[in-house]
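Understanding the architecture of this molecule
Single-letter residue listing:
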Amino acid sequence: MADKQIHTIGVMTSGGDAPGMNAAIRSVVRACNFHGINCKGIRLGYQGLIDNNVVELGPRSVSNIINRGGTILKTARSPEFITEEGRKKAFQNVIDNDIDALVVIGGDGSFTGAMIFEKEFGTPTIGVPGTIDNDIFGTDFTIGYDTALNTAVEAIDKIRDTATSHNRMFFVEVMGRDAGFIALNSGIATGAQDILIPERKDEIDDLFGTLSRGERSGKLSNIIVVAEGEELGGVYDLAKFTKMKYPQYDIRVTVLGHIQRGGDPTCSDRVLASRLGIGAVEGLLEGKRNVMAGIRSNNLMFTPFNEAIQKHNEIDQELIRVADILAR
Ligand code: F6P
């Protein structure tokens, strides 16, 4: 199977970390070993390539990491890699380390960098989608999303306990700069009274309508899940406007924040990462490049970087209907 051109693959994690990245690194390293090629780890993403922060990785280097959150290679968002000068330095280190191809585990920003780098210098690259946001086209799920979702659900369940005890209303902000996947699914799973996401152009009146309906039916406590990228002004403003309209409500705000990015990956994320790491290595050996490996309808698929970045997985309208029906 091995393409004779590829003797060494470099692997990095880039952008925001996501639980399951370690499982993906392990998979890349062991797939390389299986196919008799070398693997080098680039630490701190593209910045590590610029700074020549490169380490040899063998099957034992990745022992006992499949269950760990974060990334042993560390990660970064590199402003220097955005410059041509930075990318030239990075390419020199690709040559000096005899790296023939790259696997980049990250999100859309990381794939944009990979696409530009491959265009300029021709280093074959395959991406592996690692981001909690689930906002990458070409895969049903991104690595880290399932774990983040479950972390959010666990936290919101706890908030429900205290909200119920005090008859309070909570605005809970979950992550998702441009995408409402975490908000919509965690909101349904935790029985939220309303869910505000960037994909749906919510109006404050819709929120008030839902709250008034709940009030009429005798609801004493409420949880409103808000995606951080939602456009009505953020959780604090929403809480303020709501208090002005309903002074009788005792309102609190909780921002879950980076807690959603940490923790042990779920089984789904570990399996997804394991499949995609092997898929990326074997894709490179088969001559694929400038694509992202993903799983769609349980099949390994490769999507050109430009499509993975530009297109978007649509929010499931049926899920929005489910949320609306159940918020009574
Ligand atoms: O893309 C993943 C993500 O966690 C987003 O949901 C969030 O908006 C962003 O990263 C936060 O980035 P940072 O960790 O750099 O603050």
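A few points on the structure. (Residues numbered from 1 in each chain as written. Predicted model: local features only at pLDDT ≥ 70, side-chain atom pairs only at ≥ 80, totals over all residues. Heavy atoms only, no water.)

1. Here we look at the pairing of strand β5 (residues 125-129)
A large share of β5 lies buried, amounting to 5 of its 5 residues. Side chains T125, G127 and P129 project from β5 onto one buried face, and the interleaved I126 and V128 project onto a second face that is buried too. Here strand β4 (residues 101-106) runs beside β5; their pairing, made up of 5 bridges, is parallel. Pairing of G106 across the sheet is with P129, part of β5. Between the parallel elements β4 and β5, the chain passes through helix α4 (residues 108-121) in a crossover that is right-handed. Note that β5 and strand β10 (residues 291-296) share 2 bridges and pair parallel. Looking at the pairing, I126 lines up with V291 of β10. (Buried < 20%, exposed > 50% of the residue type's maximum accessible area, 1.4 Å probe, protein only. Helix = DSSP H or I, 4+ residues; strand = E, 2+ residues; numbered from the N terminus. Pairing = 2+ DSSP bridges. Right-handed = clockwise from strand over helix to strand, strands pointing away.)

2. Concerning a negative patch on the surface
A contiguous patch of negative charge on the surface is contributed by D178, E199, E228 and E314. For E314, the location among the structural elements is in the loop between α10 (305-310) and α11 (317-326). With relative accessibility at 67%, the residue E314 sits in the exposed group. (Patch = residues over 30% accessible without salt bridge, like charges linked within 9 Å, V, L, I, M, F, W, Y side chains within 5 Å. Areas by Shrake-Rupley, 256 points an atom, 1.4 Å probe, with all protein chains shown as cover. Salt bridge = Lys/Arg side-chain N within 4 Å of Asp/Glu carboxyl O. Lys, Arg positive; Asp, Glu negative; His and termini not counted. Charge placed at Lys NZ, Arg CZ, Asp CG, Glu CD.)

3. A look at the nonpolar core
Counting 62 residues, the largest nonpolar core has I9 and V103 as its most contacted members. Leave out the neighbours within four places in its chain, and I9 touches C32, I37, N38, C39, K40, A101, V103, V281 and L284. (Core = buried A, V, L, I, M, F, W, Y, C linked by side-chain atoms within 4.5 Å. Contact = heavy atoms within 4.5 Å.)

4. Comments concerning the packing of aromatic side chains
For any pair of aromatic rings, geometry is given as the distance between the ring centres together with the angle between the planes. Summed over the entire model, instances satisfying the criterion amount to 10 aromatic pairs. Taking the centre distance of 4.0 Å and the plane angle of 15° together, the rings of Y46 and F81 count as stacked. Taken as a pair, Y46 in helix α2 (residues 45-50) and F81 in the loop between β3 (54-57) and α3 (84-96) lie far apart in primary sequence, 35 residues in all. The same class applies to Y46 and to F81, which are both buried. When the ring of Y246 is compared with that of Y249, the centres are 5.0 Å apart and the planes differ by 25°; the resulting orientation is stacked. Of the two residues examined, Y246 and Y249, each falls in the buried class. Clustering of aromatic rings is evident, with ring pairs tying together Y46, F81, F91, F117 and F121. The positively charged end of R296 is found above the aromatic ring belonging to F137, 4.9 Å away from the centroid. (Phe/Tyr/Trp six-rings, centres within 6.5 Å; stacked < 30°, edge-to-face > 60°. Lys NZ or Arg CZ within 6 Å of the ring centre and 35° of its normal.)

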